[in-house]
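Spelled out from the first residue to the last, the chains are:
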Amino acid sequence: MKLTKGIITVLAAALAVAISVTGSYALTIYPIDRAAILAGQRFDFKVEFDRVVNIQDIKVTINGKDYTRVFGKNAEFIEKEKGVNPEASAIILRDVEIKTHGKYTVVADDGMNRKVVAWEVYPINREIKKAKNIILMIGDGMSIGHRTAARILSKGITEGKYHSKLSMDDMPHMALVGTSGVDSVITDSANSASAYATGHKSSVNALGVYADRTPDPFDDPKVETITEYVKRTRKMAVGIVTDAEVQDATPAAMAAHTRRRATKAEITQMLFDVDVDVLMGGGSAYFLPMSTPGSKRKDNTDFFNVFRNAGYTIATTKAELSDAASNPKTMKLLGQFHTGNMDCALDNLFLRKGTTDKFPEQPGLVEMTKTAIDVLSRHKNGFVLMVEGALIDKASHPLDWERAVIDTIQFDKAVEAAKGFAKKRKDTLILVVADHTHGINIVGTIDDNKEAEQMRDKIGVYADAGYPDYKDEDKDGYPDSIDVSKRLAVFFNNFPDYYETFRPKLDGRFVPAVKNEKGHYVANEKYKDVPGAVLRTGNLPRKASDGVHTADDVVLTADGPGAERVHGFMDNTEVFRVMVNALR
Ligand SMILES: [Zn+2]
């Protein structure tokens, strides 16, 4: 058979399709299809081709116009992207923006393949009432089961009626929010917090970027965070408060750009680079130079010095924090109260377990929230503050519902503090939301006094459940004890092998499973001999050490200028839109 030019073209096309079908890539455009971009928000524009292409064959248009006319500059052409196999080309244009709002159709063509995506570029809605300050409260992993149990334990309930509401219940606007990401129906805290902080979807473990195909975690196409945007366009102040490491996913999402949330040493630098005004939580192991015991850095940068030299007041204990708060000159504040994640409220405020022996002076989330608001409200251009109740999630993974719920109560008290500030002023938008859910439900009660052969038979369901006997006689809003004789029966719907003890873990946070020699997680024998403990065979892959996130919608409640946009079902990227639309 004579190989005519036509036949060669067909064969080559078939080959390319073969590669794209079997190989690894399709033509990809970032930002992705259906991206909603704030007019003027900065982002990186990238096109990944599915093979090595000639630059002459590349044609990229936006609404029919060559992309260079829209962005005003040429992209960098990368013939063979580093670490990408099979070899393939790409073009990337950093730090661009589109000022004119409208619908945009982006077409990328390499002479053989074509990709079309649609973007919506939206303006700030001038009709919306404006806020001077925005406070975003994120209860990490906080699900409806956590809220209900927190209301029972904190507010009390009699004959079906609660004695009062949680602070986050009592807000005029509410919506359900979907949390799935680019790559999966199940999100992690990185890409869900990233959606709140940038208005763009991302992938599991990625922060402030679209996760591309190169192995380098720092070259992925970026999208501007609300922190960068309000600092650049309005010289506003920004605060980040958490009881996890400040480099952990949710706080980091306010400032970082990385494909991997684990790059915590670099995230510390990114938090400094965005000129955050108030930064509080744990994670000092990534501030300390590697020569200092306990440091997790791989260099000798001393970030305490870096922040101090940049004019930050530094607090490492509760006492130092209140000194900083009461000093009217404090305009920039770094609070570092633990080398890792801080201790949860049950251990820090009540049981003094966990690592409170090593870190006895940890403030709680409420103190940190109040101090952050005090310092930030000294800035004349207003502020954006993100407060994360991180330990709700970190106690839910190991199935420790009591610790998760006590932290939910603490988080709600931080919401109360924020609402107290806003109430006096009417110029502050408050949003209270979770970043994803856990599979937690209240199925009844467990009554130690019930005569029963097995602990499980002491569980009361339906009419048998009645009510638990938690009390709050000292009126501090927390149950005086979690180890009461008639407790809530709360279970998680996904779990590794573990021993269910039907009791609170008073000696420290639950560790349900441990790794065996095969690398599988098996039930932690430590709990085997707890009276009445039963072995539950897991329903997760054996490589799962803990319970996992779920895809259920989260609840968003809102109050203040711009809150009226919160209603019905919303996508998590729309929370960013609610915030920027409220900006003056
Ligand atoms: Zn989590």
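Residues numbered from 1 in each chain as written. Predicted model: local features only at pLDDT ≥ 70, side-chain atom pairs only at ≥ 80, totals over all residues. Heavy atoms only, no water.

Per the secondary structure count, the chain includes 14 helices and 30 strands. Relative to its length of 584 residues, the chain is compact, with a C-alpha radius of gyration of 26 Å against a globular reference of 25 Å. Across its three principal axes, the chain shows a C-alpha extent of roughly 90 × 65 × 50 Å. Counting only residues that meet the buried cut, the chain has 57% of its 584 residues in that class. Accessible surface computed for the chain: about 24,500 Å², of which carbon and sulfur atoms make up 52%. The average position of the 78 basic charges and that of the 80 acidic charges among the side chains of the chain differ by 5 Å. (Helix = DSSP H or I, 4+ residues; strand = E, 2+ residues; numbered from the N terminus. Rg over C-alpha atoms; globule rule 2.2 N^0.38 Å. Buried < 20%, exposed > 50% of the residue type's maximum accessible area, 1.4 Å probe, protein only. Areas by Shrake-Rupley, 256 points an atom, 1.4 Å probe, with all protein chains shown as cover. Lys, Arg positive; Asp, Glu negative; His and termini not counted. Charge placed at Lys NZ, Arg CZ, Asp CG, Glu CD.)

Okay, the coordination of the zinc ion next. Each protein donor to the zinc ion is listed here as Asp393 (OD), Asp393 (OD), His397 (NE2) and His549 (NE2); together their distances run 2.0 to 2.3 Å. For the zinc ion, the 4 donor atoms in the first shell make angles of 58 to 161° at the metal, so the coordination geometry reads as irregular. In the primary sequence, the donor residues of the zinc ion line up as D-x3-H-x151-H. Taken together, the residues Asp393 in helix H12 (residues 391-396) and His549 in strand S28 (residues 549-550) connect sequence positions 156 residues apart. (Donors = N, O, S within 2.8 Å, 3.2 Å for Na, K, Ca; no water. Tetrahedral: all angles 85-135°; square planar, octahedral: opposite > 155°, others 65-115°.)

Another point: the domain arrangement of the chain. Considered domain by domain, the chain is made up of domain 1 (24-122) and domain 2 (133-160 + 224-437). Computed from C-alpha atoms alone, the centre-to-centre distance between domain 1 and domain 2 is 37 Å. (Domains from an automatic or database assignment.)

The subject of this paragraph is the sheet that holds strand S2 (residues 35-38). Ordered by their spatial adjacency, 5 strands build an open sheet running S2-S9-S8-S4-S5, and the pairing between neighbours is mixed. The open sheet terminates on both sides in strands that have one partner only, identified here as S2 and strand S5 (65-66). Note: S2 against strand S9 (residues 114-122), 4 bridges, orientation parallel. Note on S9: the bridge partner recorded for Leu38 is Tyr122. Lying over the sheet, helix H14 (residues 573-581) contacts S2 and S9, oriented at roughly 35° with respect to S9. (Pairing = 2+ DSSP bridges. Contact = heavy atoms within 4.5 Å. Axes fitted to C-alpha atoms, helices over the stretch in contact; angles between N-to-C directions.)

Aromatic rings considered in pairs are described by the distance between their centres and by the relative angle of their planes. Evaluated as defined, the whole model comprises 17 aromatic pairs. Where Phe43 meets Trp119, the ring centres are 5.8 Å apart and the plane angle is 85°; that geometry is what we call edge-to-face. Within this pair, whereas Phe43 is found in strand S3 (residues 43-48), its partner Trp119 is found in strand S9, the two being separated by 76 residues in sequence. Side by side, Phe43 and Trp119 carry an identical accessibility label, which is buried. Relative to Phe304, the ring of Phe287 lies with its centre 5.4 Å away and its plane at 40°, an arrangement referred to as tilted. You can see Phe287 sitting in the loop between strand S15 (278-282) and helix H8 (303-309) and its partner Phe304 sitting in helix H8, a full 17 residues away along the chain. Both residues of the pair, Phe287 and Phe304, count as buried. Each member of the aromatic cluster is reached from another via a ring pair, and the members are Phe272, Phe287, Phe303, Phe304, Phe307 and Tyr312. The ring of Tyr122 has Arg577 lying over it, and the distance from NZ or CZ to the ring centre is 3.8 Å. (Phe/Tyr/Trp six-rings, centres within 6.5 Å; stacked < 30°, edge-to-face > 60°. Lys NZ or Arg CZ within 6 Å of the ring centre and 35° of its normal.)

Further remarks concern the sheet that holds S3. Strand pairing within a sheet occurs via backbone hydrogen bonds; the two strands may be parallel or antiparallel. What the 4 strands build is an open sheet, ordered S1-S3-S7-S6; its pairing is antiparallel. The strands lining the two open edges of the sheet, one partner per strand, are strand S1 (28-30) and strand S6 (76-78). Mean inter-strand twist for the sheet, computed between neighbouring axes without regard to direction, equals 15°. Both S1 and S3 contribute to a ladder of 3 bridges, which runs antiparallel. Its bridge partner being in S3, Ile29 is matched across the sheet by Val47.

Quick reminder: α-helices carry 3.6 residues per turn. Residues three or four places apart thus point the same way. Of all 9 residues that make up H14, 8 are buried, and the element is covered over most of its length. Every buried residue of H14 is listed here: Thr573, Val575, Phe576, Arg577, Val578, Met579, Val580 and Asn581.

This brings us to the pattern of salt bridges. Throughout the structure, instances matching the rule amount to 34 salt bridges. Salt-bridge contacts for Asp95 lead to Arg42; the nearest nitrogen and oxygen are separated by 3.9 Å. With a gap of 53 residues between them, Asp95 in strand S7 (residues 90-96) and Arg42 in the loop between S2 and S3 connect regions that are remote in the sequence. Under the relative-accessibility criterion, Asp95 is labelled partly exposed at 45%. When the shortest N-O distance is used, the salt bridge between Lys99 and Glu97 registers 3.5 Å. Salt bridges here are not isolated pairs; linked through shared partners, they connect Lys46, Glu48, Glu81, Asp212 and Arg213. (Salt bridge = Lys/Arg side-chain N within 4 Å of Asp/Glu carboxyl O.)

What follows concerns the packing of helix H11 (residues 365-376) against helix H13 (residues 401-423). Between H11 and H13, whose axes approach to 8 Å, the crossing angle comes to 20°. Between H11 and H13, the interaxial angle falls into the category roughly parallel. Handedness of the crossing formed by H11 with H13: right-handed. In this structure, H11 uses Leu365, Val366, Thr369, Lys370 and Ile373 to contact H13, whose residues at the interface are Gln410, Phe411, Lys413, Ala414, Ala417, Ala418 and Phe421. Grouping the amino acids of the contact of H11 with H13 by side-chain chemistry returns 8 nonpolar, 2 polar and 2 charged. (Parallel < 35°, antiparallel > 145°, perpendicular 65-115°, else oblique. Left-handed = near helix turned anticlockwise from the far one by under 90°. Nonpolar A, V, L, I, M, F, W, Y, C, P; charged D, E, K, R; others polar.)

So, about the nonpolar core. Counting residues in hydrophobic clusters, the biggest one holds 124 residues, and the most contacted among them are Met137 and Leu431. With 10 residues, the single largest contributor to this core is H13. Here this core gathers at least three residues from each of two domains, domain 1 (24-122) and domain 2 (133-160 + 224-437). If near-sequence neighbours (up to four positions away) are discounted, Met137 is found in contact with Val387, Phe411, Ala414, Val415, Ala418, Ile430, Leu431, Val432 and Val433. (Core = buried A, V, L, I, M, F, W, Y, C linked by side-chain atoms within 4.5 Å.)

There is a patch of nonpolar side chains on the surface, built from Val511, Val514 and Val522 and spanning about 180 Å² of accessible area. Looking at the element boundaries, Val511 is found in the loop between strand S24 (498-500) and strand S25 (513-515). (Patch = residues over 30% accessible without salt bridge, like charges linked within 9 Å, V, L, I, M, F, W, Y side chains within 5 Å.)

Note that Asp447 resides in strand S21 (residues 440-447). Within the buried core, Asp447 has no salt-bridge partner, and the shortest N-O distance to an opposite charge, that of Lys486, equals 4.7 Å. At a separation of 3.0 Å, a polar atom in the side chain of Asp447 contacts the main-chain amide nitrogen of Asn449. The contact partners of Asp447, leaving out residues within four places of it in the chain, are Lys458, Ser485 and Lys486. (Polar contact = N/O pair within 3.5 Å; in protein donor to acceptor, adjacent residues only side chain to side chain.)

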